[in-house]
Amino acid sequence: MANRTVAIVPHTHWDREWYSPFQDFRMRLVKLLDTLLPMLESDLSYARFLLDGQTIVLDDYLEIRPEAEAALSRLAASGRLAVGPWMVLMDEFMVSGETLVRDLQLGMARGAAFGGAMQVGYLPDMFGHVAQMPQLLRLAGLEHAVVWRGVPLAITQTAFWWEAPDGSRVRAEYLYGSYSNGRDMPDDAKRLVGRARDYEAELGSVRIGDLLLMNGTDHQMPQPWLGRVVAEANQIQDEYEFVVTSLPEYLPTQPVEGLATWRGELRSGARANVLMGVASNRVDIHRVCATAERSIEKRAEPLSALFRAADAYPHALLGLAWRLLVANSAHDSSCACSSDEVVDQVAVRYAEARQLGDGLTRDAINDLAVCVDAPAGATLVVNPTSHARGGLLEISMPGHGPAHVVTTDERALPAQVLEERGGLAFSDIIIGGKVRWVLDLMRGVEFAGNNVAETTLERADDGIWDVGLHFAAPGQTLTDLGDLREEMLRIGEAGDTLRVKAYRPPSRRLLFDAGRVDAFGWTTLRAVEGETPDGYDVSRASASGTELHNEHLDVAIDTTTGTYRVTTRDGVSVSGLGRLVDGGDGGDTYNYSPPEADVEVSEPDSVTVSVLETGPVRARIAIDAVYTWPRNAAGDERSCTTRSEERVPVEVRTTLELRPGERFVRVRTELDNQCDDHRLRAHFPLPAPVRGSDAECAFAVVQRGLTAEGGELEFGLPTFVSRRFVDASDGAIGLAVLHDGLLEYEVGGEGTELALTLLRATGYLSRSEPSLRPNPAGPLLPVLGAQMRGPNVCEYAVLPHRGDWRTADLYAEADTFLVPLERTRVSPVSARSLPGRGTALEIDGAEVSAVARDAGGLVVRLFRTATGTGDATVTQAGLPARGWVIDLRGAPIASFEGSVTLRPWEIVSLRLSS
């Protein structure tokens, strides 16, 4: 066979931050591009270069070399330099589906500014791939994917059809031997030919089509002799035709007939590590990631889109927040398998994104508050989710004693007094001229930042001048303090003594359930004095002794084990829930690895149970359990073999909480971790044996079995990832866990128990020989932060149920658990253009991933979770919505009015006409 093509794609794989911080790697990036750009422009034989499929490297470089923009644009537009389609190469399981979409959109938009993004779904080093990735690529107009990790043994050739749950598919090129299979090309034509022969022999029957050699690896500089050596190799033989090319040129020429089909996620460790332990290595980072993503995509963005005027939509601020989230989604960043310094920077970016989201959320509901027809000072409650639901809120109310809340239709809702305040807030005696420091606290109508309603000044029998300041309650008229300030100054300068006292008005901090608030809707409530009137049918929660109750659940705590039993009103009962099991971990930030001689601790030394709140709005009981854990595991950077003999007492507080109307038990676990190299999991017996699990991931619920496929390089440990919930059901009965950033779970005991990882502590970025992975996955660097020392808090919820995850309505339950209702006060100056209760957008028949605005109008992204094809109806301001179905680039596909028909798991983006 003559002239078999050997396609060589020069590239570099660029980790923006990893074992060194971003700025260190940026300096290396500048050196690389300073070398590459002149080479591309002067040597036409060095025909192509792939800039790792991510546009963020362009911006990182241009911040230092802004004068290079013209050269970059010229090379990208001509096809010499392939950029995009991603902003960054993310980890697909550590971030939300919406973050994946924005990554692709930002990358394609930035690539277009340089002449066009690469039309290939380049996915070279992700730690596995989500099931819906083929559909996301197709929605962006991409027909090809390039993958390495996660390809299962069932795929036996270098290309296959990869199909999403909705039936969308792309041709996937499998990088046999990794994205570095053509690294370090020799500066010798004969050796290059030998390299091709060796690779062809290695592939054997696996090869389909031509040979693809990816000439690059992590942070590799370009090899300037490549074009010359390729030309020389073509001259000395006719066995191969070597060509320096690009993926967009190579892939469309390759075979499509006879390819095997793989449907769903790629999570196999058979041929390459998928490094599943990144889901549990730094639960603090995974939690702040989840919080920041929710703040933007579930709160700030939909509320800004629905309740702010179109010309006031904060495009720039939301854009900044999304760029922070997407930058953090890079696999070494979101996976927290990096140096401590890098992880600290990741945490700061997540905090900045969350801060933007929180602030924009406040702005949006405050804008709504000036439009609602309700009494000034009434409480405005807003539901930012696509599911009608209730939720708890806190408000302050003047006075003392019991109170309750009244809805717009005069229905009474119970309230719980959390705290009563009032009385003396400040007291001091000031002699003579020292009065000036007190006068510095008085500004206009404020004393020490508090509005003042009334003042008194009189001389007491003991000759001391008594000054009284009474802080204002909401709505009270305020008093200017100028005259009092002058009089106090005169008294002080005369050498007299003043006795200054400030008083808070009596007030209460109330907790109440807002009742049903419509999807993407609002309601207004009034707090009124007195107990909830008799005769109102309202939900309540209660706690006493070792039990909690609401209308759906009964919870009983075992004071010996610290576990609990949950019984539903329709007869599902599960005992032994929340059993904490701690064991050694000889792994690293990439993989859990049990020590050869482990000591597992699952029984507490003592248990104390105490009632924190009795209800009726929130009922809480604390379980304080003391355990004796080994201090640390003995081991070095190679592996951890045993746990130390030293033992330390550890107190773990587990708080169980019930709220009215909720079908799950909220759980909060707190501990001060002073032990190293260990893993703590909460175990939940299942109401019936199961054959697998259903876990929410990007735009899908993925069904997994009880085992995982591994290989020689990585043991197939069945610790899987879920984004917001995991369910274990036999179809008739089951148990779900909703969680806040606790991504790792396992169904063990041959399908009888679910375990949720609460904490995994390790001291190395990578070890060289952990027991479940024989080779290092990165540098052998100590990372103290990954030991997770100090206070740790985990929050999740437990939901036993009838039926499967759909019957349990877990998308809605996750929203109720994770996304709070928002509140503010109705503005004294209101346009009153909206009723006191209403909804801005209603979606039926699909879940909502995003509500946002682009230049064309309101954009809503939906996906169907039901089993059959069906309609998703969209109602805006009470009327059927109309507009365009658009692709992920914003281009119109087809018009719609009122509804769209969706396949199961189909994703659709709609632009609504204003």
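For every chain, the first residue of its written sequence is number 1, and the numbers climb from 1 along that sequence. Note on the predicted model: pLDDT of at least 70 is required for a residue's local features to be given, and 80 or more for side-chain atom pairs to be given and counted; whole-chain, interface and lining totals, by contrast, use all residues. The side-chain figures draw on all heavy atoms in the structure; neither hydrogens nor water molecules are used.

### What about the packing of aromatic side chains?
Put simply, the rule is: The criterion for an aromatic pair is that two Phe, Tyr or Trp rings (for Trp, the six-membered ring) have centres within 6.5 Å, with stacked assigned to planes under 30 degrees apart, edge-to-face to planes over 60 apart and tilted to the rest. Strands here are runs of E lasting at least two residues and helices are runs of H or I lasting at least four, both read from the DSSP assignment and numbered beginning at the N terminus. Between buried and exposed lies partly exposed: a residue is buried under 20% and exposed over 50% of the maximum accessible area for its type, with that area taken using a 1.4 Å probe on protein chains only. Whether a charge sits over a ring comes down to the Lys NZ or Arg CZ being within 6 Å of the ring centre and within 35 degrees of the ring normal.
For the coordinates displayed, the defined rule picks out 18 aromatic pairs. Ring geometry for W148 versus Y179: centroids 5.5 Å apart, planes at 85°, classification edge-to-face. Of this pair, W148 sits in the loop between β5 (144-147) and β6 (159-163) while Y179 sits in the loop between β7 (169-174) and α6 (189-203), placing them 31 residues apart in sequence. Classification of W148 by relative accessible area gives buried; the value is 15%. Residue Y179 is classed as buried on the basis of its relative accessible area, which comes to 5%. A centroid spacing of 6.1 Å and a plane angle of 45° characterise the contact between F720 and Y745, whose relative ring orientation is tilted. Separated by 25 residues along the polypeptide, F720 in strand β36 (residues 720-721) and Y745 in strand β39 (residues 744-748) bring together distant segments of the chain. Taken together, the ring pairs in this structure connect F699, F725, W805, Y811, F863 and W905 into an aromatic cluster. The cationic tip of R169 hangs over the ring face of W161; the distance from NZ or CZ to the ring centre is 3.8 Å. The lysine or arginine in question, R267, covers the ring of F93, its NZ or CZ lying 4.6 Å from the ring centre.

### As for unusual backbone geometry
Most peptide bonds take the trans configuration, and most residues that are not glycine carry a negative phi. In the segment running from G84 into P85, the intervening peptide bond is cis, with an omega of 15°. In this structure, P85 sits in the loop between β3 (81-82) and α4 (97-113). A cis amide bond links G615 with the next residue in sequence, P616, at an omega value of 10°. Its location among the elements puts P616 in the loop between β27 (606-614) and β28 (619-630). Look at D809: it is not a glycine, yet its phi comes out positive at around 55°. Within the secondary structure, D809 sits in the loop between β41 (790-802) and α15 (810-818). Accessibility expressed as a relative area gives 38% for D809, which makes it partly exposed.

### Things to note about the pattern of salt bridges
To keep it simple, the criterion reads: Criterion for a salt bridge: a side-chain nitrogen of Lys or Arg within 4 Å of a carboxyl oxygen of Asp or Glu.
Under the defined criterion, the tally for this structure stands at 65 salt bridges. One salt bridge in this structure joins D358 and R354, with 3.5 Å as the shortest N-O distance. In this pair, D358 and R354 both sit in helix α12 (residues 340-369), four residues apart, roughly one turn of the helix. The class for D358 is buried, based on a relative accessible area of 19%. The closest approach of N and O atoms between R499 and D462, which form a salt bridge, is 3.2 Å.

### A look at the nonpolar core
Applied cut-off: Throughout this description, the term nonpolar core refers to a set of buried Ala, Val, Leu, Ile, Met, Phe, Trp, Tyr and Cys residues connected via side-chain atoms within 4.5 Å. Any pair of residues with heavy atoms lying within 4.5 Å of one another is described as a contacting pair.
Within the largest apolar cluster, 187 residues are counted, with the highest numbers of intra-cluster contacts made by W162, F242, L247 and L862. Take this core: its biggest share by element is eleven residues, from α12. Residue contacts for L247: discarding those within four places in its chain leaves V9, L50, M118, V120, Y122, V146, L212, M214 and P252.

### Observations concerning the environment of A321
Looking at the secondary structure, you find A321 in helix α10 (residues 315-328). Sequence separation between A321 and R354 is 33 residues; the distance between their C-alpha atoms is 7.8 Å. Those residues in contact with A321 that lie beyond four places of it in its chain are I296, A353 and L356.

### Observations concerning the sheet that holds strand β1 (residues 4-10)
To keep things clear, this is the line we draw: Pairs of strands are assigned from DSSP output, requiring at least two bridges between the strands. All axes here are fitted lines through C-alpha atoms, helices being fitted over the stretch that makes contact, and every angle between N-to-C directions spans 0 to 180 degrees.
On the basis of which strands lie adjacent, the open sheet formed by three strands has the order β8-β1-β9 and parallel pairing. Here the strands that pair on one side only, and so sit at the sheet edges, are β8 (211-215) and β9 (240-244). Direction aside, neighbouring strands of the sheet carry axes that sit 20° apart on average. The pairing of β1 with β9 spans five bridges and is parallel. Its bridge partner being in β9, V6 is matched across the sheet by F242. Across the sheet, α6 lies against β1, β8 and β9, angled at about 105° from β9, the strand it touches most. Those strands touched by helix α7 (residues 226-236) are β1, β8 and β9, and its axis lies near 160° from that of β9.

### Here we look at the environment of R773
Selection criterion: Whenever a nitrogen or oxygen atom comes within 3.5 Å of another N or O atom, the pair is scored as a polar contact, on the condition that within protein one atom can donate a hydrogen and the other can accept it, and that pairs from neighbouring residues in sequence are kept only if both atoms are in side chains.
In this structure, R773 sits in the loop between β40 (753-761) and β41. Classification of R773 by relative accessible area gives buried; the value is 1%. Each residue touching R773, except ones within four places of it in the same chain, is listed here: N273, L275, D588, Y590, N591, L713, S766, R767 and S768. A polar side-chain atom of R773 sits 3.4 Å from a polar atom in the side chain of S766.

### Side note on helix α1 (residues 22-42)
The condition is simple: Here the expected length of a helix is defined as 1.5 Å per residue gap, with one fewer gap than residues.
Taking 1.5 Å per residue, 21 residues should reach 30 Å; α1 reaches 30 Å between its end C-alpha atoms and fits that length. Of all the residues in α1, the buried ones are F22, F25, R26, L29, V30, L32, L33, L36, L37, M39 and L40. Each element contacted by the buried residues of α1 is listed here: β2 (49-50), α2 (56-62), α3 (69-77), β3 and α12.

### Section: the sheet that holds strand β10 (residues 261-263)
Ordered by their spatial adjacency, five strands build an open sheet running β4-β5-β7-β6-β10, and the pairing between neighbours is mixed. Strands at the two margins of the open sheet, each flanked by one partner only, are β4 (121-123) and β10. Neighbour-to-neighbour, the strand axes of the sheet open up by a mean angle of 30°, direction not taken into account. Judged from the four bridges that link them, β5 and β7 form a sheet pairing that is parallel. Across the sheet, residue V147 finds its bridge partner in β7, namely Y174.

### Some remarks on empty space enclosed by the protein
Note the cut-off: Residues are said to line a cavity or pocket when one of their atoms sits within 4 Å of a point; the points come from a 1 Å grid over protein atoms alone, cavities being sets where a 1.4 Å probe fits but cannot get out and pockets being open sets with protein on both sides within 12 Å along at least five of seven lines. Grid points are joined across faces, edges and corners, and a volume is the space filled by probe spheres set on the points.
Going through the model one piece at a time under the given rule, you end up with seven cavities of 30 Å³ or more. A volume near 340 Å³ is recorded for the largest cavity. Lining the largest cavity are 25 residues, with S96, E297, K298, E696 and R724 positioned closest to its centre. Elements supplying a minimum of two residues to the lining of the largest cavity: α4, α9 (283-307), β34 (693-697), α15 and β45 (847-854). Of the residues forming the lining of the largest cavity, the biggest block, five residues, is contributed by α9.

### A word on the pairing of β28
Of all twelve residues in β28, nine are buried; the element is thus mostly enclosed. From the end of β27 to the start of β28, which pair antiparallel, there are four residues, and G615 there has a positive phi angle of about 105°. Note: β28 against strand β31 (residues 647-658), twelve bridges, orientation antiparallel. Each bridged residue has a counterpart across the sheet, and for R620 the counterpart in β31 is E657.

### Some remarks on the pairing of β41
Across a regular strand the side chains alternate sides, sitting on one face of the sheet and then on the other. Pairing analysis gives nine bridges linking strand β32 (residues 665-673) to β41, with the strands arranged antiparallel. Bridge pairing links E670 to V793 in β41. Where strand β38 (residues 733-739) meets β41, seven bridges bridge the pair, whose relative direction is antiparallel. Paired with V737 across the bridge in β41 is V798.

### Some points on the side chain of H129
For H129, the position within the fold is in the loop between β4 and α5 (133-139). A distance of 3.3 Å separates a polar side-chain atom of H129 from the backbone oxygen of R149.

### Here we look at the layout of surface pockets
Defined as follows: Gly is put with the polar residues, along with every residue not named as nonpolar or charged; the nonpolar set is Ala, Val, Leu, Ile, Met, Phe, Trp, Tyr, Cys and Pro, and the charged set is Asp, Glu, Lys and Arg.
Size it by volume and the largest pocket reaches roughly 920 Å³. Lining the largest pocket are 42 residues, and of these S693, V702, Q703, R704 and G705 sit closest to its centre. Those elements that provide at least two residues to the lining of the largest pocket are β10, β34 and β35 (700-704). Residue contributions to the lining of the largest pocket peak at five residues, all from β35. Its residues assigned to classes, the lining of the largest pocket comprises 18 nonpolar, 13 polar and eleven charged.

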